[in-house]
Amino acid sequence: MAVDELQAIIQRCQILEEADFKGEDFNLFQVAGQKCLEDGYAAQLLEVIQNEKNKVIIKSMGWNLICPLVRCIFMYKQEDDKREHCLKILHQLAQLCNPKELFLGLLEQIEQTSAEQVCQTVMLLLQPLQTVLLKLQNKKAYSVGLSLAMIMNQLTPLPVPYTKQQIQEDKLGLCQCCNAVVDFAKPFVNEVVKNMEKSSEYNDMELKEELLKFCMKSLKYPLLTAQLEQVEGIEEHPFRHFAIEIINILWDIRELIPLVFLHRKGKSPHWENQEFADIERKNSADSLACLSYLMFVQHFGIDCFPMVFSPSYLLQCNMTHIEVLLKSCLLRMEDNSLLHQYLEFRDFINVPQDLVKVMTLCPIEHLRKKSLNILQLFIDKFDAEGKYTLFRCLLKTSNHAGVEGYIIKNIKDQIHLSLTKACDNIWFTGYHLISLLDLVLLLPEGAETDLLQNSDRIMASLNLLRYLVIKDSESDNQTGVWTTLAKIEQNFLKPLHVGLNMSKAHYEAEIKNKKENRRVCSVTVSGEKMPAMTTEMQLQVLHSALFTFDLIESVLARVEELIEVKIKAVMDENS
């Protein structure tokens, strides 16, 4: 019988000193103890463990029972007395076992558990793990950090509940587990706070740094992808509660405000391996973006934030985080997977329009470039109809020739895909494309349009028209460009000819005037008054404008030549 076997090994070990225990004794104790648990003799095993005479044996060997003990706890039903006995055994082991050995045993059990049971296992072992860590004298900070890292690594692969139903069901127990982990960390947070209160020059930074790492990991997972809006019908939203607790820890260890402005300092850990450095930087960027969202959107911890910074400075600080959040969400999606119906939501129109504002108005160059990259990512994710709708919207609202030129280049790319792919894309051929070309192939103010200011748009439009004429024959007319050619000539090509002649004549006269009247004065170019310049500088600007007109004229001539050749070829075929 299992209990008799256990009593036999106990009696043999009772007469030995701890130093005299052999490997065989450990194995026999583990096998006998496991058999007791599996055969339903948990009550008898508990009596053995509680017996004062067995204190030394349990201290050395008890940690070996963790694995079978956890297995049996999950095997028994909640109301079963045997399960209650197993829980008491676990509590006793936490009190009696060698802290170092039990610590390793508990972590090993967490590491080896399956994804379906990881949350239940973590919640079961948090209390004994906390008890053991509080007993440790050496390498305590390292052990706390290792525990938190192990737990978060095991939780990270789990899907984060998002809908109201998923949060309420909490199928895998993630919501409950995350908040249990925060409670587990609180004694160690209190220890750091107490030490900082004792001395303003608190030097033992190890434990504080481990807690900071835990908070950063928590910001990336689960908070970065969690639904944090208040949900009707859920009285205490688990992830909102978890987010507030993480903010509170950061505030308590005096890291909340420094983290908000971390990117301003350029602070980052040193890695010899560049790949590790890149991963760390990416993870840190995601975490800081999430922290910024929690504070400035959800207003968690905003009461702690000093109100001395200007709104423009805060916007500048948060632009990097906005970019990270948007990019992080967009990169998770497949290209062409976002349905056009999403553009019926106002936010999906506001985002690209706001990105355009950053691209055109922000004084910081790298932020302008990042906005452009994100805008392209945003465009790529929509289906064909979504792209079409987005292009129409941005052409009408951007009011910037550079942006319009960029959108027209995107339109050209979509037409190319439509003409070269086997699938039929109705949005960038035929009727729908003709409607879009009406917005593209025209001068906003006819012949009086400022050609220099609109040169990016005009060049992009001419390049698009040139592509259509080359790629689409008059007999196929897939794009419909040949049907609408008369309108294009009337609204775009003829006014452009007149505008070029007027602009060139104006600038040539201005050059002649400057050469005859050499003195320092200001010049107005593209509607903006330029600072005082020497005559040589003014002439350089004027010649640059003429070069732009020559370039436009050259492409215009090529487009008209191609149209003429194609029309002549069709006429020859028909004659």
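- The name an unreviewed UniProt entry assigns to the chain is Glomulin, FKBP associated protein, from the organism Strix occidentalis caurina.

1. Let's talk about the confidence of the model for the chain
Reasoning step 1: Of all residues in the chain, 91% attain a pLDDT of 70 or more, and the chain-wide mean is 86.
Reasoning step 2: Of the regions scoring below 50 in pLDDT, residues 264–272 engages in 9 contacts with residues more than four places distant in sequence or in other chains.

2. A word on unusual backbone geometry
Residues other than glycine predominantly adopt negative phi, and peptide bonds predominantly adopt the trans conformation.
Reasoning step 1: A cis geometry characterises the amide bond from tyrosine 221 onward to proline 222, with omega recorded as 10°.
Reasoning step 2: By secondary structure assignment, the location of proline 222 is in helix α12 (residues 206–223).
Reasoning step 3: In the Ramachandran plot, arginine 254 falls in the positive-phi region, its phi being about 65° despite a non-glycine side chain.
Reasoning step 4: Here arginine 254 lies in the loop between α13 (238–252) and α14 (256–260).
Reasoning step 5: The residue asparagine 477 is not glycine, and still its phi comes out positive at about 50°.
Reasoning step 6: Relative to the helices and strands, asparagine 477 resides in the loop between α23 (455–471) and α24 (485–516).

3. So, the packing of aromatic side chains
Reasoning step 1: A full pass over the atoms with the stated rule returns 11 aromatic pairs.
Reasoning step 2: When the centroid spacing of 5.2 Å and the interplanar angle of 50° are considered together, the rings of tyrosine 388 and tryptophan 427 count as tilted. Of the two residues, tyrosine 388 is situated in helix α20 (residues 384–397) and tryptophan 427 in the loop between α21 (401–420) and α22 (430–440); the sequence distance between them amounts to 39 residues. Across this residue pair, the class does not change: tyrosine 388 and tryptophan 427 are buried.

4. Topic: the nonpolar core
Reasoning step 1: Grouped together as the largest cluster of nonpolar side chains are 105 residues, with contacts concentrated most on Leu155 and Phe214.
Reasoning step 2: Top element by residues in this core is helix α11 (residues 174–198). It accounts for 13 residues.
Reasoning step 3: With 65 residues, the next largest nonpolar core counts Leu338, Met359, Leu443 and Leu562 among its residues.

5. Overview of the packing of helix α17 (residues 311–331) against helix α19 (residues 365–381)
Reasoning step 1: Viewed as axis vectors pointing N to C, α17 and α19 meet at an angle of 20°, and their least axial separation amounts to 10 Å. In terms of orientation, α17 and α19 fall into the roughly parallel class. Relative to α19, α17 is oriented so that their crossing is left-handed. In this structure, α17 uses Met319, Thr320, Glu323, Leu326, Lys327, Leu330 and Leu331 to contact α19, whose residues at the interface are Leu367, Lys370, Ile374, Leu377, Phe378 and Lys381.
Reasoning step 2: Residue composition of the contact of α17 with α19, by class: 8 nonpolar, 1 polar and 4 charged.

6. Considering the packing of helix α9 (residues 140–155) against α11
Reasoning step 1: At a minimum axis separation of 12 Å, α9 and α11 run at an interaxial angle of 170°. Judged on the interaxial angle alone, α11 and α9 are roughly antiparallel. Counting all contacts with α9, which are made through Lys140, Val144, Ser147, Leu148, Ile151 and Leu155, the residues of α11 involved are Leu174, Cys177, Val181, Phe184, Phe188 and Glu191.
Reasoning step 2: Residue classes in the contact of α9 with α11 are distributed as 9 nonpolar, 1 polar and 2 charged.

7. Observations regarding the environment of glutamate 561
Reasoning step 1: Relative to the helices and strands, glutamate 561 is located in helix α25 (residues 535–574).
Reasoning step 2: C-alpha of glutamate 561 to C-alpha of arginine 466: the two residues are 95 residues apart in sequence and 9.9 Å apart in space.

8. So, α23
Reasoning step 1: Taking 1.5 Å of rise per residue, 17 residues should cover 24 Å, and α23 covers 24 Å from first to last C-alpha, within 8% of that figure.
Reasoning step 2: Judged by how many residues are buried, α23 sits mostly within the fold: 12 of 17 residues are covered.
Reasoning step 3: Within α23 the residues assigned to the buried category are Ser455, Arg457, Ile458, Met459, Ala460, Ser461, Leu462, Leu464, Leu465, Tyr467, Leu468 and Val469.

9. Digging into α9
Reasoning step 1: For α9, which comprises 16 residues, the first-to-last C-alpha distance of 23 Å matches the rise-based estimate of 22 Å (1.5 Å per residue) to within 8%.
Reasoning step 2: By the criterion of burial, α9 is predominantly enclosed, with 12 of the 16 residues buried.
Reasoning step 3: Turning to α9, its buried residues number three or more, namely Lys140, Ala141, Ser143, Val144, Gly145, Ser147, Leu148, Met150, Ile151, Met152, Gln154 and Leu155.

10. Observations regarding the pattern of salt bridges
Reasoning step 1: As enumerated under the stated definition, the model contains 17 salt bridges in all.
Reasoning step 2: For lysine 213, the salt bridge is made with glutamate 210, and the minimal N-O distance between the two is 3.8 Å. With lysine 213 and glutamate 210 both in helix α12 and 3 residues apart, this pair spans about one turn of that helix.
Reasoning step 3: For the salt bridge of aspartate 286 with lysine 220, the shortest nitrogen-to-oxygen distance reads 2.7 Å. Here aspartate 286 is found in helix α16 (residues 274–296), whereas its partner lysine 220 is found in helix α12, with 66 residues between them in sequence.
Reasoning step 4: Salt bridges linked by common partners bring Asp183, Lys186 and Glu245 together as one network.

Definitions and limits used
- Residues numbered from 1 in each chain as written.
- Predicted model: local features only at pLDDT ≥ 70, side-chain atom pairs only at ≥ 80, totals over all residues.
- Heavy atoms only, no water.
- pLDDT = per-residue confidence, 0-100.
- Contact = heavy atoms within 4.5 Å.
- Helix = DSSP H or I, 4+ residues; strand = E, 2+ residues; numbered from the N terminus.
- Phe/Tyr/Trp six-rings, centres within 6.5 Å; stacked < 30°, edge-to-face > 60°.
- Buried < 20%, exposed > 50% of the residue type's maximum accessible area, 1.4 Å probe, protein only.
- Core = buried A, V, L, I, M, F, W, Y, C linked by side-chain atoms within 4.5 Å.
- Axes fitted to C-alpha atoms, helices over the stretch in contact; angles between N-to-C directions.
- Parallel < 35°, antiparallel > 145°, perpendicular 65-115°, else oblique.
- Left-handed = near helix turned anticlockwise from the far one by under 90°.
- Nonpolar A, V, L, I, M, F, W, Y, C, P; charged D, E, K, R; others polar.
- Expected span 1.5 Å × (residues − 1).
- Salt bridge = Lys/Arg side-chain N within 4 Å of Asp/Glu carboxyl O.

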